[in-house]
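What follows is the residue order along each chain.
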Amino acid sequence: MPRTAPSSRTASAAALLLALGLAATACSTGQQSASGDGGVAKVDGKISITYLQKQGDQEYFVGEAAGAEAKAAELGVDLKVVNLGNDANKTVSEVQSALAQKSNGLIVVVPDPAVGPQVVQAARDAKVALLTSDDQICTDGPDPSACAKEQLVPRIGFSGAQMGGEVGKRAAEEFAKAGWSAADTRVISAWKQDVTVCGDRVKAARQAFDAAVPGVKTVDVATDNTPTGAQDKVAATVTANPGVKHWVVWGCNDENVQGGVTALANAGFKAEDVIGVGLGAYLACKDWKSGQPTGMKAALFINGKDVGALAVQTMYDKLKNGKDFPAEAFAPTTMVDASSWQGAGVTCG
């Protein structure tokens, strides 16, 4: 399949690195690079894209792959989706494999941001366009939270600050509705603490909640972002706080909140004594679908299909038309609960 011309690739490599660091200006979907990067020459003929995802069997990422595949079919793009699981080493080997197979562009959701510099260097060496979705990676270091803004690879996903703010706001509304007091209530904030976007979400949730409900103490719980991991850590947290009567639970994703709600139920807390606000809705909906009382009171619906489609469209626009990558582009979100999730289009496996 056609590839970019070697001469244009070589001339534009430095420009790509410069463009990734250009200041961004706000636009309707996120932040747009201030000027064209010219980093990867346009592709004549059919475009080939490889989409490498962590946790590809998780409901959200299944939806993301489906959205990417639908958009690729619409655009006439050859798309290969690769499930990396949680294997950081597989990320590097699959990137190398995709490059060997002459992919024109790579879209990556890394299991571990520490592999970011290796992924970036491999794409640079091959003069292939690189875009991340969901999670950020840094060009010159393992920790995106410590990365200079201009060194972050362009990303398609959701706004962590916006999502967290919506979660915290809804949790505060549920708190007010329940009529609880701050003195005997605790907030559990659960997330994998080396994932930058997770930190953005829980920080914004706490800020929004505290602004509306001052005085409630928050317990930060480090998890692996899985339901069982969160359940174990929250169970230990509950044991260490025997005087608490009411709990508010939020986290990086539905997995953290579901694990927390389950741990609290196992500890004897009734549904009316728990306010869980999920992030994703793909697990929260299962509680609502059962019709049983649950501490999962609401969840922010993030549709992976929208992110997958937007990522493929963004890569296509770059490769086919030479359009600059945005620094970030965001898909829409919707708050749902037991009464509204079906109408919002949540897929509940």
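Residue indices follow the written sequence of each chain, beginning from 1 at its first position. Residue-level local features of this predicted model are given only where pLDDT is at least 70; pairs of side-chain atoms are given and counted only at 80 or more, and the full residue set underlies all totals for whole chains, interfaces and linings. As a convention, hydrogens and water are excluded, and side-chain values are obtained from all of the structure's heavy atoms.

For the chain, an unreviewed UniProt entry supplies the name Substrate-binding domain-containing protein and the organism Kitasatospora phosalacinea. UniProt positions are given in the numbering used here, feature names are shortened, and annotations may be inferred rather than shown by experiment. Heading Sequence similarities (unreviewed entry) of the UniProt record for the chain holds this comment: "Belongs to the bacterial solute-binding protein 2 family." Taken from UniProt, the Subcellular location (unreviewed entry) comment for the chain reads in full: "Cell envelope".

Q: If you had to explain the packing of helix α7 (residues 227–239) against helix α8 (residues 254–266) to someone new, which residues and values would you point to?
A: A fitted line through C-alpha atoms serves as each axis, taken over the contacting stretch for helices, and the angle formed by two N-to-C directions is quoted from 0 to 180°. Elements are defined by DSSP. Helices are runs of H or I of four residues or more, strands are runs of E of two residues or more, and each kind is numbered from the N terminus. Between α7 and α8, the least distance of the axes is 7 Å, while the angle of their chain directions is 45 degrees. With respect to α8, the axis of α7 lies oblique. Once α7 is placed against α8, the crossing between them reads as right-handed. Taken together, the residues of α8 that come into contact with α7 (itself represented by P227, A230, Q231, V234, A235 and V238) are E255, N256, Q258, G259, G260, T262, A263, L264 and N266. The residue classification treats Ala, Val, Leu, Ile, Met, Phe, Trp, Tyr, Cys and Pro as nonpolar and Asp, Glu, Lys and Arg as charged. All others, Gly included, are polar. Class assignment of the residues belonging to the contact of α7 with α8 gives a composition of seven nonpolar, seven polar and one charged. Throughout, the term roughly parallel applies to angles under 35 degrees, roughly antiparallel to angles over 145, roughly perpendicular to angles from 65 to 115, and oblique to all others. Two helices crossing with the near one rotated counterclockwise from the far one by less than a right angle form a left-handed crossing, whereas a clockwise rotation gives a right-handed crossing. Note on definitions: a residue-residue contact is assigned when non-hydrogen atoms from the two residues lie within 4.5 Å.

Q: Report on the state of the cysteines, specifying residues and quantitative values.
A: A pair of cysteine sulfur atoms is labelled a disulfide when the two atoms are within 2.5 Å. Across all of its chains, the model carries three disulfides by this definition. Each sulfur in the disulfide pair C198 and C252 lies 2.1 Å from the other. Disulfide C198-C252: the torsion about the S-S bond is -65 degrees, which places it as left-handed. Residue C198 is located in helix α6 (residues 196–212), and its partner C252 is located in the loop between β10 (246–251) and α8; the two are separated by 54 residues in the primary sequence. Residues C198 and C252 agree in their burial class; the two are buried. There is a disulfide in this structure between C285 and C348, and the S-S distance comes to 2.1 Å. With a 1.4 Å probe rolled over the protein chains alone, any residue whose accessible area is under 20% of its type maximum counts as buried; one over 50% counts as exposed, and the rest are partly exposed.

Q: Before we move on, could you go through the confidence of the model for the chain and cite the residues and values that matter?
A: Residues with a pLDDT of 70 or more make up 89% of the chain, whose mean pLDDT is 88. Within a predicted model, pLDDT stands for the predictor's per-residue confidence, ranging from 0 to 100. Within the model, pLDDT remains below 50 along residues 1–38, and this stretch shows 75 contacts once partners closer than five positions in the same chain are excluded.

Q: I'd like a description of the side chain of T139, backed by residues and values.
A: With respect to the helices and strands, T139 occurs in the loop between β6 (129–133) and β7 (155–157). In terms of polar contacts, T139 uses its side chain to reach the side chain of Q151, at 2.3 Å. Residues contacting T139, with those up to four places away along its chain left out, are P117, V120, R124, Q151 and V153. Two N or O atoms form a polar contact when they lie within 3.5 Å of each other; inside protein one atom must be a possible hydrogen donor and the other a possible acceptor, and for residues adjacent in sequence the pair counts only when both atoms belong to side chains.

Q: Tell me what's going on with the nonpolar core, and back it up with residues and numbers.
A: Only buried residues count toward a nonpolar core, which is a set of Ala, Val, Leu, Ile, Met, Phe, Trp, Tyr and Cys residues joined through side-chain atoms within 4.5 Å. Judged by nonpolar contacts, the single largest core of 53 residues is most densely connected at F209, V248 and W250. Looking at this core, the element that brings in the most residues is helix α10 (residues 304–321), giving six residues. Sequence-distant contacts of V248, defined by excluding residues within four places in its chain, comprise A171, F175, W180, T185, R186, V187, I188, F209 and I275. If you look at the next biggest cluster of nonpolar residues, it comprises 25 residues, including V244, W247, M296 and F301.

Q: Provide a residue-level description of the sheet that holds β10, including the pertinent values.
A: A pair of strands is treated as paired once DSSP finds two or more bridges between them. With respect to topology, six strands assemble into an open sheet ordered β9-β8-β10-β11-β12-β14, the strand pairing being mixed. Each of the sheet's edge strands pairs with one partner strand only, and the pair in question is β9 (217–222) and β14 (333–336). The average undirected angle you get between the axes of adjacent strands in this sheet is 15 degrees. Judged from the three bridges that link them, β10 and strand β11 (residues 274–280) form a sheet pairing that is parallel. Bridge pairing in β11 links W247 to V274. Its contacts with the sheet place α8 against β8 (185–191), β10, β11 and β12 (296–302), and it is angled at close to 160 degrees to β11.

Q: Lay out the pattern of salt bridges with the relevant residues and their values.
A: Within this document, salt bridges are pairs made up of a side-chain nitrogen of Lys or Arg and a carboxyl oxygen of Asp or Glu, the two lying within 4 Å of each other. Taken as a whole and assessed by the stated rule, the structure comprises nine salt bridges. Of the charged contacts, one joins K71 and E74 as a salt bridge, the two residues approaching to 3.3 Å between their closest N and O atoms. With K71 and E74 both in helix α2 (residues 59–75) and three residues apart, the pair spans about one turn of that helix. The class for K71 is buried, based on a relative accessible area of 16%. Of the charged contacts, one joins D194 and K192 as a salt bridge, the two residues approaching to 2.8 Å between their closest N and O atoms.

Q: Please set out the packing of aromatic side chains residue by residue, giving values where relevant.
A: Any Phe, Tyr or Trp ring, taking Trp's six-membered ring, that has another such ring centre within 6.5 Å forms a pair; planes under 30 degrees apart are called stacked, those over 60 apart edge-to-face, and the others tilted. Taken as a whole and assessed by the stated rule, the structure comprises six aromatic pairs. Where F209 meets W250, the ring centres are 5.4 Å apart and the plane angle is 65 degrees; that geometry is what we call edge-to-face. Of the two residues, F209 is situated in helix α6 and W250 in strand β10; the sequence distance between them amounts to 41 residues. In this structure F209 comes out as buried when scored by relative accessible area, which is 0%. On the accessibility criterion, W250 (1% relative accessible area) is buried. Ring geometry for W247 against F269: centres 6.3 Å apart, planes inclined by 90 degrees, an arrangement best described as edge-to-face. Here W247 is found in strand β10, whereas its partner F269 is found in the loop between α8 and β11, with 22 residues between them in sequence. Look at W247 and you get buried, because its relative accessible area is 0%. Judged by relative accessible area, F269 falls into the buried class, the value being 19%. Among the aromatic residues, ring-to-ring pairing joins F175, W180, F209 and W250 into one connected group.

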